[in-house]
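Commentary on secondary and tertiary structure
Chain by chain, the residues run as shown.
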Amino acid sequence: MTLSVGIVGTGTIALDHAVTCQADPNVELTAVCDISEQALNAFGDRHGISKRYTDLAELLENEQLDIIIVATWGPSHAEISIAAAKSGIVRAILCEKPISMTSDECEAMIKAARENNVLLIEGYKWRHDPQHIRIKELIDDDRIGRVMSVQSTFSSPLVRFAEEDNWRYDRTRGGGSVFDTAGYIIHFARFVIDEEPNRVYATGNFIDSADAEMSAAILLEFPRGATAKLTSSYEYGYCQATEVLGTKGWIRADLPFDQRSVREQEFVEEPDLPATLEIFYDTFETDTLKFEPVDQFALQLEHVYNCLESGATPRILPEFSLSNMRIIDAIYESIESKIPVDIADT
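Residues numbered from 1 in each chain as written. Predicted model: local features only at pLDDT ≥ 70, side-chain atom pairs only at ≥ 80, totals over all residues. Heavy atoms only, no water.

All right, on to the overall build of the protein then. Counting its regular elements, the protein contains 10 helices and 15 strands. Relative to the globule expectation of 20 Å for 346 residues, the C-alpha radius of gyration of the protein, 20 Å, shows essentially globular dimensions. Taken over the C-alpha atoms alone, the protein extends approximately 60 × 45 × 40 Å along its principal axes. The buried share among the 346 residues of the protein stands at 55%. Across the protein, the fraction of contacts at a sequence separation of at least 24, relative to all contacts at a separation of at least 6, is 69%. Accessible area of the protein: about 15,200 Å², with a carbon and sulfur share of 48%. Looking at the protein, you have 30 positive and 58 negative side-chain charges, and the mean spots of the two groups are 5 Å apart. (Helix = DSSP H or I, 4+ residues; strand = E, 2+ residues; numbered from the N terminus. Rg over C-alpha atoms; globule rule 2.2 N^0.38 Å. Buried < 20%, exposed > 50% of the residue type's maximum accessible area, 1.4 Å probe, protein only. Contact = heavy atoms within 4.5 Å. Areas by Shrake-Rupley, 256 points an atom, 1.4 Å probe, with all protein chains shown as cover. Lys, Arg positive; Asp, Glu negative; His and termini not counted. Charge placed at Lys NZ, Arg CZ, Asp CG, Glu CD.)

As C-alpha cells, then:
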C-alpha cells in the first residue's frame, strides 16, 4: 500500500525528507506547506508537488495524509503537531528534532497524539542506522558489561561559515547547540545507559553576535552511578568522538551521528562516509566493525511505514522524547543558574 505524505516546511531538512520520499516506492509526497509563498513555490517546482499551502489549516482541511513530516524551526513543532493530531486526517507525525522547545510542549503533543490515535515519532534518524542497532545489541548481550560512562562530543565549526542570520544563532528560532547537537548525544547516552539521569550540571559559551549558546559542556548523573560527559559546539572542530565504557570493556565510534562527506554545507547530495566501531574487551581482545554508508532518512521513513502498516513498535517512543526535553530544560536552568539541577521525572 502506498502511503501519502505531506511536509510542513521547505528548509534544508525538508529537502532531505522530500528526496527520501520521492525515492521510496511505498510513499507518495502529495502536499507541502510553508508560510513563505516564494519558498513554497521553489520547493514545489523542484520536487513536482502541485498541492501547495501557505496555511496549515487549509492543508489539514483539504488533504488526507498518512504521514505528515514537521520540518520547520523548533518553536513551531508543538503547534503544528498538535493541530495535525487533532485534524483527523493523519495517521502519523514525524517531527524533526528537537521534538519541541520545552517538556511542557512535548507533553501537550503526546496528549493530542494519544487522544486521536496518531503515531508521534521524533526525527532522530541515526537511531535507525545499523551501527546504533549493533551498539545496543553488544550492550544487551553483555559484551562490555554494565555501561557506567559515556563520553561524547558533537561539534562542527558553524561560526566559520554560517551567515549571521542563520537560525542556529537565534534562540527564538530554536537555535543553540543544546537544542541541536547536544540533543543527539543526550539521547544516545540515555539509549545506551538504559536509565534516566537524575541530575545535570552544564555550562554554556556565548558570543556577542548571538543570543543562543554556541557551545555547552554537560555532565549527567544517573541513579545507579553512571555518568555522561557531553560536549556540543558550533565553535570547535568537526568531531563526533564517542566512547561507551562498561564494566568489562568499551566501545569507540568514529562517525555515529552524521556521516556526510561534504563539510560546511547542510544539504549534501554526495555519498556518505563509512563508519567504524571498535570494541575493546578486558581480555585484551578487540573487534572492529565497519558499516557502509546508509541513508538514515530512508531507514527512518521505512520504519515509520512499518509502524503504520505492520504494527512495529516505534524505536523512539514519545515518552523517550519527553525525557530528552526534561533534561534539556534542566540544562538551560543549570547554564543560567551556574549550579547543578535535579531533573524532573513527572
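Right, picking up where we left off after that structure.
Before going further, it helps to examine the sheet that holds strand 7 (residues 147–155). Whether parallel or antiparallel, the strands of a sheet pair through hydrogen bonds between backbone atoms. The nine strands are arranged 14-13-12-11-7-10-9-8-15 in an open sheet whose pairing can be described as mixed. Taken across any chain shown, the strands that pair with only one partner, and hence form the sheet edges, are strand 14 (286–291) and strand 15 (341–342). Here strand 12 (residues 249–253) runs beside strand 13 (residues 275–281); their pairing, made up of five bridges, is antiparallel. Its bridge partner lying in strand 13, Trp250 is registered against Phe280. Contacts from helix 6 (residues 130–140) reach strand 7, strand 11 (242–246), strand 12, strand 13 and strand 14 within the one sheet, and its direction differs from that of strand 14 by about 155°. Here helix 10 (residues 318–337) sits on the sheet in contact with strand 8 (199–205), strand 9 (215–221) and strand 15, set at roughly 60° to strand 8. (Pairing = 2+ DSSP bridges. Axes fitted to C-alpha atoms, helices over the stretch in contact; angles between N-to-C directions.)

Taken in spatial order, the six strands make up an open sheet running 3-2-1-4-5-6, and their pairing is parallel. Each of the sheet's edge strands pairs with one partner strand only, and the pair in question is strand 3 (51–53) and strand 6 (119–123). Taken pair by pair, the neighbouring strands of this sheet meet at an average axis angle of 25°, ignoring direction. Note that strand 2 (residues 27–33) and strand 3 share three bridges and pair parallel. Looking across to strand 3, one finds that Ala31 is bridged to Lys51. Across the face of the sheet, helix 2 (residues 37–47) comes into contact with strand 1 (3–8), strand 2 and strand 3 while running at roughly 165° to strand 3.

With that settled, the discussion passes to the pattern of salt bridges. Applying the stated criterion to the full structure yields 18 salt bridges. Between Lys51 and Glu63 there is a salt bridge, and its shortest N-O distance comes to 3.5 Å. With Lys51 in strand 3 and Glu63 in the loop between helix 3 (56–62) and strand 4 (67–70), this pair connects stretches of sequence that are 12 residues apart. Judged by its relative accessible area of 7%, Glu63 falls in the buried class. Among the ionic pairs, Asp342 bridges to Arg199, the shortest N-O distance being 2.6 Å. Residue Asp342 is found in strand 15, and its partner Arg199 is found in strand 8; the two are separated by 143 residues along the sequence. When salt bridges that share partners are traced, they join Asp66, Arg91 and Glu309 into one network. (Salt bridge = Lys/Arg side-chain N within 4 Å of Asp/Glu carboxyl O.)

Bringing the packing of helix 6 against helix 8 (residues 178–193) into the picture now. The description of two packed helices rests on the angle between their axes and on the distance between the axes. Packing of helix 6 against helix 8 brings their axes to within 9 Å, and their N-to-C directions diverge by 35°. Counting all contacts with helix 6, which are made through His132, Ile135, Lys136 and Ile139, the residues of helix 8 involved are Phe188, Phe191 and Val192. Taken together, the residues that form the contact of helix 6 with helix 8 break down as five nonpolar, one polar and one charged. (Nonpolar A, V, L, I, M, F, W, Y, C, P; charged D, E, K, R; others polar.)

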